[in-house]
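# A look at the structure
For reference, the chains in residue letters:
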Amino acid sequence: MQSGNWLERLIFNHRLLILLVIAIVSSVLGLQASRMTVNASFERMIPQSQPWIQNYLQNKEALRGLGNAVRIVIETRDGTVLDSHYLDILRRINDAVYLMPGVDRSWMRSLWMPIVRWTEVTEEGFRGGPVMPDRFDGSPEKIEELRRNIQRANIVGSLIGRDLKSSMILVPLLDSTDTAGTNFNYRDFNDRLDAIFAANQDDRIQIHVVGFARLMGDLIAGLGQVITYFAFSVAVATLFVFFYTRCLRSTILLVVASLLGVVWMLGLMRVFGFELDPYSTLGPFLIFAIGLSHGAQKMNGIMQDIARGTDKYVAARYTFRRLFAAGLAALLVNIVGFAVLFIIDIPVIHDLALSTSLGVSVLVFTKLVLIPVLLSYTGVSRTAAQRSLRKADGQKQVADTLWGTLVRFTQLPWASTAVAATALVTGISLEARTHIQVGDLDAGAPELRTNSRYNQDIAYVNGHYELSSDQFSVIVKTPRDQCETFETLTETLRLSERLREVPGVVTVRSAPEAIQFINAGLYEGNPKWIALLRNPNVTSNARNQLVVNQPDLVNTECAIMPVIAYLADHKSVTLQRMTAAATEFAAQHNTPDRQFLLAAGTAGIEAATNDVVQRAFWNIHFLLYGAVIVLCFMTFRSWRAVLVALVPLVITSFLCEALMVWLGIGIKVATLPVIALGVGVGVDYALYLLSIQLVFQRQGASLSDAYRESLGFTGKVVALIGLTMAAGVIPWAWSPIKFQADMGILLTFMFLWNMIGALVLIPALSYFLLPSKRPAGAAIHRDGQHAATLRGSNP
């Protein structure tokens, strides 16, 4: 009752109270977790303090349609859009979408919206009106009038497909669905859209939908498969642990305790107002995997002590005493690994960092405390414990076993070979990682497979419309009523021409280009007048016409004019070219009264996101490895041991980045956390292996003997957990959601390499950095000295 430090006495002398508190907390947080909602947010996906995004947010009201918008394309398979049946379906869909909550109705555009107008020059001046004729009844006369209006409005390629077989409904979305500020619900929005389509679609009609809201809807719908993968991971973990222990009750206890950590995390997320989104699905799996890793180490220690005749209560206290410091250090590294993600200035990453940090924090209670306390009551099967001991005793002739092979890495020939081979692989990976890119490397939505419905819809829209869904907009900002000066219009026109020259740009729209054609219209359509005029009265009239007919190109205060470039794709190289061209032009032409600001549009926002990810990449690594160094030094109290633990982690990072290059995966919001988190998870192996090894070495054991004992005590569990986590996550590689497949491949690689790197490189590096204080050969008595050495030792 009085042995151990104060924390051990506090926990094990009040076991029932500890279990009661954990049961109450679990019930409360479990109820909260059951109410967890799944949603997404457009603005929380973007780096809101990044200067380009600040420019967009500050001028957001004048840039409707260049942010969160959905494009619905209704295609007819029979004839053209100039058909009464098609137009009736288009009207019904248009009206139903118009009434949906969260739609910015004042900026919605389609053939049936009066904001879409035509203009022509007559002998009496300009004449115009809505493209859809008044009192349209589907008669041949009205359809002919509609045909003329479409030609006069010049909307073929923008709202009408180039082949006249489809038309578009542009639907800008608001951040909230009501005046109370209720968050936009993407799942509900997509369910409503599908219901509208189902009620109005027939065999002659095909509907294509693109935009952030649709993408998020598809990703949220795909979360059902993620739950299946999580269940598969739990099943695999249960089988692996059971085949290792052959003890059903301790296996169930370990898996349930690991799931309890996930429940606590989800419950705390709900308490703090978080929602699950498609990018945070990684969190619950990692919490389960980390919890399983620590729990397996505790169970293994207790099993070995029970097998040697120790009472289950005493065995639980011995294991708690031996592994609490190493386990706590590993969890602190995990917490830091998640917490450093806060430097990525994207709210959704902040949410992931906070939620997973909370999840790892609760593991201090559910793994370091709960599992030893529960096992102090239940213990493990005596048969399973004796089987484990017989296996260990049967492996004394380690030269012919796997563990014996690993022990050989503590000797010069094997250690030198391992270090040389690692140096060669590291050199190859360093050369490969120089080609790593930030951002998307594929056209369409890289979050989904190329053959997904969404990417097929994008391909259709880009193939039939000049105005693609990838928009890069430079914001031209002037004082009020100063956008129409000759100098500003001329500089803006030059910017349009410069952007049009950038490879990957399909077309560019800007106010001065439109004003040129309006000026010609003011002079009887004479093409000689397609120019910018110095007469402010003529330019003012043209600008007034533009505000009415194309309000997305200039705001009513004449202070904001977006120059909109429509891109063939949003690949990393395309966005880099655009930002370079726009930034260079702005630097040369900005004045106090006229500024060219980056950036708006979906591609502009993505370029800003790539900029934030690129700047955060090395900062994350420096902070993470700095934290690993500090915590490992506090645990081992040896800079040499810190190097032994750190080198395999660094090599894992290099190899992972090289793998991303070979697989065509860019560094982006979805993959950067995986790279960072792999370090936090991987350091667990080093902490457990080195902790036991150093205990024996500091007792005077040789390196070979110390590492052999470390393998016997924790090595088998390191291999078990590495294989279990890799087997559990590999099914993600077949997910229809591509970024989850990417995460599955990267995590599988990192789990396996962290395991192999720890088991092979730790003894090899220890030969050079942590040499033996005595020659190998003086055997350690497993039953006596083993228990005496580890019973009360902290590494």
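Residues numbered from 1 in each chain as written. Predicted model: local features only at pLDDT ≥ 70, side-chain atom pairs only at ≥ 80, totals over all residues. Heavy atoms only, no water.

## Focus on the overall build of the chain
Counted only if it meets this: Per the convention used, a helix needs a DSSP run of H or I reaching at least four residues, while a strand needs a run of E reaching at least two, with both numbered from the N terminus. Under the scheme applied here, a residue whose accessible area is under 20% of the maximum for its type counts as buried, over 50% as exposed, and between as partly exposed, the area being computed with a 1.4 Å probe on protein chains only. The contact criterion used is simple: two residues touch if any of their non-hydrogen atoms lie within 4.5 Å. The charge count includes Lys and Arg as positive and Asp and Glu as negative, but it does not include His or the ends of the chains. A charged residue contributes its charge at one atom only: NZ of Lys, CZ of Arg, CG of Asp or CD of Glu.
Per the secondary structure count, the chain includes 27 helices and 9 strands. Taking the principal axes of its C-alpha atoms as reference, the chain extends roughly 110 × 50 × 45 Å. Residues classed as buried in the chain amount to 60% of the 795 residues present. Of the contacts formed within the chain by residues at least 6 apart in sequence, a portion of 80% connects residues at least 24 apart. Of the charged side chains in the chain, 68 are positive and 62 negative; the average position of the first set lies 15 Å away from that of the second.

## Let's talk about the environment of F189
If you trace the backbone, F189 turns up in helix α6 (residues 186-200). Taking the relative accessible area as the measure of exposure, F189 reaches 2% and is therefore buried. The contact partners of F189, leaving out residues within four places of it in the chain, are V70, M100, V103, L173, F184 and A213.

## A few points about the packing of helix α2 (residues 15-33) against helix α9 (residues 248-271)
Applied cut-off: For helices, the fitted axis covers only the stretch in contact; all axes are lines through C-alpha atoms, and the angles between them, taken along N-to-C directions, range from 0 to 180 degrees. Here roughly perpendicular refers to angles of 65 to 115 degrees, roughly parallel to angles under 35, roughly antiparallel to angles over 145, and oblique to all remaining angles. Two helices cross in a left-handed way if the nearer one is turned anticlockwise from the farther one by less than a right angle. They cross in a right-handed way if the turn is clockwise.
Taken N-terminus to C-terminus, the directions of α2 and α9 make an angle of 60°; their axes are 7 Å apart at the nearest point. Between α2 and α9, the interaxial angle falls into the category oblique. The hand of the α2/α9 crossing is left-handed. Contacts between α2 and α9 involve I22, V25, S26, L29, G30, Q32 and A33 from the former and L260, V263, W264, L266, G267, L268, R270 and V271 from the latter.

## Some points on the state of the cysteines
This is how it is decided: Cysteine sulfur atoms are paired as a disulfide whenever they fall within 2.5 Å.
Applying the stated criterion across every chain, the model contains 1 disulfide. Between C632, a free cysteine, and C656, which holds the nearest cysteine sulfur, the sulfur-to-sulfur gap is 19 Å. We classify C632 as buried; its relative accessible area is 1%.

## Re the confidence of the model for the chain
What counts, and what does not: pLDDT expresses, on a scale from 0 to 100, how confident the predictor is about each individual residue.
When pLDDT is averaged along the chain, the result is 82; 92% of the residues meet or exceed 70. When the criterion is pLDDT under 50, residues 394-400 qualifies, and its contacts beyond four places in sequence or with other chains add up to 8 contacts. Contacts from residues 777-795, a stretch scored under 50 in pLDDT, to residues over four places away or in other chains number 47 contacts.

## Considerations on the nonpolar core
Quick note on the threshold: Throughout this description, the term nonpolar core refers to a set of buried Ala, Val, Leu, Ile, Met, Phe, Trp, Tyr and Cys residues connected via side-chain atoms within 4.5 Å.
Counting 244 residues, the largest nonpolar core has I72 and F472 as its most contacted members. If you tally residues by element for this core, the top one is helix α22 (residues 601-636), at 15 residues. What I72 contacts, discounting residues up to four positions off in sequence, is V97, S167, M168, I169, V171, L193, F197, I207, H208 and V209.

## Here's the deal with the sheet that holds strand β8 (residues 560-567)
Condition: By the convention used here, strands pair only if DSSP detects at least 2 bridges between them.
With respect to topology, 4 strands assemble into an open sheet ordered β7-β8-β6-β9, the strand pairing being antiparallel. The open sheet is flanked by β7 (505-509) and β9 (595-600), the only strands paired with a single partner. Neighbour to neighbour, the strand axes of the sheet diverge by 20° on average, direction disregarded. Bridging between strand β6 (residues 471-477) and β9 involves 5 bridges; their strand directions are antiparallel.

## Observations regarding the environment of E501
Inspection of the secondary structure assignment puts E501 in the loop between α18 (486-500) and β7. Taking C-alpha positions, E501 is 47 Å from N754, a pair spaced 253 residues apart along the chain.

## What about α22?
Since the α-helix advances by 3.6 residues per turn, residues separated by three or four positions end up pointing in the same direction. Selection rule: One less than the residue count of a helix, multiplied by 1.5 Å, gives the span that helix is expected to have. A residue's bend is the angle separating two fitted axes: one through the seven residues that end there, the other through the seven that start there.
In this model, α22 (36 residues) spans 51 Å end to end at C-alpha, consistent with the 52 Å of a helix rising 1.5 Å per residue. Taking the largest bend as the criterion, α22 deviates by roughly 30°, centred on A616. Phi turns positive one or two residues past the end of α22, at R637, with a value near 55°.

## Side note on helix α17 (residues 453-464)
Across its 12 residues, α17 extends 17 Å between first and last C-alpha, which sits within 8% of the 16 Å expected from 1.5 Å per residue. Among the residues of α17, Y454, N455, D457, I458, Y460 and V461 are the ones counted as buried. Where α17 is buried, its residues contact β1 (69-76), β4 (166-172), β5 (205-211) and α7 (212-221).

## A short note on the pairing of β7
The buried fraction of β7 is high, at 4 of 5 residues. In this structure, β7 lies alongside β8, joined through 4 bridges in antiparallel fashion. By the bridge assignment for β8, T507 is matched with Y566.

## Examining a nonpolar patch on the surface
What counts here: The patches described consist of residues with a relative accessible area above 30% and no salt bridge, like charges being joined within 9 Å and nonpolar side chains (Val, Leu, Ile, Met, Phe, Trp, Tyr) within 5 Å. The Shrake-Rupley method, run with a 1.4 Å probe, gives the accessible areas here. Residue values count only the displayed protein chains as cover. The term salt bridge refers to a side-chain nitrogen of Lys or Arg lying within 4 Å of a carboxyl oxygen of Asp or Glu.
On the surface, L17, L20, V21, I24 and V28 cluster together to form a nonpolar patch covering roughly 450 Å² of accessible area. Along the chain, V28 falls in helix α2. With relative accessibility at 47%, the residue V28 sits in the partly exposed group.

## Description of the sheet that holds β1
One open sheet accounts for 3 strands, arranged β4-β1-β5; its pairing is antiparallel. Of all the strands in the sheet, just β4 and β5 have a single pairing partner and so form its edges. Averaged over all neighbouring strand pairs, the angle between strand axes comes to 20°, with direction disregarded. Summarising the sheet, β1 and β4 pair through 7 bridges and their orientation is antiparallel. Among the inter-strand pairings, I72 is bridged to a residue of β4, identified as I169.

## Notes on the pattern of salt bridges
Taken as a whole and judged by the stated rule, the model has 19 salt bridges. A salt bridge links R92 to D88; the nearest nitrogen and oxygen atoms lie 2.4 Å apart. Of the two residues, R92 and D88 both sit in helix α4 (residues 84-98), 4 residues apart, roughly one turn of that helix. Owing to a relative accessible area of 30%, R92 belongs among the partly exposed residues under this scheme. Given a relative accessible area of 29%, D88 falls into the partly exposed group. Several salt bridges converge on common partners, so that one network encompasses D88, R91, R92 and D95.

## A word on the packing of aromatic side chains
Aromatic ring pairs are defined here through the distance separating the ring centres and the angle between the ring planes. Inclusion rule: Working definition: a ring pair exists when centres of Phe, Tyr or Trp rings (six-membered ring for Trp) sit within 6.5 Å. Plane angles under 30 degrees give stacked, over 60 give edge-to-face, the rest tilted.
With the rule as written, the count across this model stands at 11 aromatic pairs. For the pair F12 and Y313, a centre-to-centre distance of 6.3 Å together with 75° between the ring planes defines the contact as edge-to-face. In this pair, F12 is assigned in helix α1 (residues 6-12) and Y313 in helix α11 (residues 312-339), connecting sequence segments 301 residues apart. Here F12 matches Y313 in class, with each residue buried. Where F184 meets F189, the ring centres are 5.2 Å apart and the plane angle is 50°; that geometry is what we call tilted.

## Details of the environment of L711
Mapped onto the secondary structure, L711 falls in helix α25 (residues 703-729). When its relative accessible area of 2% is taken as the criterion, L711 is described as buried. As a C-alpha pair, L711 and L268 span 443 residues in sequence and 37 Å in three-dimensional space. Not counting chain neighbours up to four residues away, the residues in contact with L711 comprise W403, L406, V407, L689, K716 and L759.

## Details of unusual backbone geometry
Of the consecutive residues L598 and A599, the connecting peptide bond is found in the cis state with omega at 0°. For A599, the location among the structural elements is in strand β9. Although it is not a glycine, R135 sits at a positive phi angle of roughly 55°. Here R135 lies in the loop between β3 (125-130) and α5 (140-153). Residue C558 is not a glycine yet carries a positive backbone phi of 55°. With respect to the helices and strands, C558 occurs in the loop between α20 (536-549) and β8.

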